[in-house]
Amino acid sequence: MIGDIAGLIAAVAFVALVGLLAVPLVKLGKVFDTTTESIKDLTAHSVPILDESAQTVASANSQLVKVDTITTSAAEVSQNVSALTGLYAAAFGAPVVKVAAFSYGVRKAFGQAASKVRGAGKDS
């Protein structure tokens with residue numbers, strides 16, 4: 001009979017121990033459930049953000065292609081203007097410089113001739 005009572009006490013103690021160990025396991029299960037729900041919410045909110053970000057990057061890439069086209073065209077226009085300026089300078093620049101030099105020489109010659117004439121008039 002004492003053995004039965006000791007067995008019964010041991011069984012009750014074992015049940016109490018299992019009950020005490022079950023409480024943290026139940027709480028841990030609730031934590032896992034909450035974590036699972038949080039991950040589902042995070043996924044539900046982050047997937048649209050990632051999709052929108054991908055669309056934004058694609059749009060930015062298409063705009064960069066347009067800007068690249070514009071800058072290429074601007075570079076070609078700049079090269080054409082530079083070539084046209086060089087052609088203008090070669091075609092019209094040299095004759096204009098020659099005309100300017102000729103007119104300067106004519107003015108200088110007339111100036112010297114006029115000063116000689118004035119100088120000769122003072123001597124008489």
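One can find the structure itself at the top, above this paragraph.
Note that the structure is a prediction, hence the values are computed from the model and not measured.

Examining the overall build of the protein chain
Then, in step 1: Assigned secondary structure in the protein chain consists of one helix and zero strands.
Then, in step 2: A compact globule built from 124 residues would reach a C-alpha radius of gyration of about 14 Å, whereas the protein chain, at 51 Å, exceeds it by more than 25%.
Then, in step 3: Dimensions along the principal axes, computed over C-alpha positions, put the protein chain at roughly 170 × 35 × 15 Å.
Then, in step 4: Out of the 124 residues belonging to the protein chain, those deemed buried represent 0%.
Then, in step 5: For the protein chain, the exposed area adds up to about 10,700 Å²; of that, 73% sits on carbon and sulfur atoms.
Then, in step 6: Averaged over its 10 positive side-chain charges, the protein chain has a centre that lies 39 Å from the centre of its 9 negative ones.

Description of the environment of S59
Then, in step 1: For S59, the location among the structural elements is in helix α1 (residues 2-123).
Then, in step 2: Once the C-alpha coordinates of S59 and S82 are considered, the two residues, 23 residues apart in sequence, prove to be 35 Å apart.

Analysis parameters
- Residues numbered from 1 in each chain as written.
- Predicted model: local features only at pLDDT ≥ 70, side-chain atom pairs only at ≥ 80, totals over all residues.
- Heavy atoms only, no water.
- Helix = DSSP H or I, 4+ residues; strand = E, 2+ residues; numbered from the N terminus.
- Rg over C-alpha atoms; globule rule 2.2 N^0.38 Å.
- Buried < 20%, exposed > 50% of the residue type's maximum accessible area, 1.4 Å probe, protein only.
- Areas by Shrake-Rupley, 256 points an atom, 1.4 Å probe, with all protein chains shown as cover.
- Lys, Arg positive; Asp, Glu negative; His and termini not counted.
- Charge placed at Lys NZ, Arg CZ, Asp CG, Glu CD.

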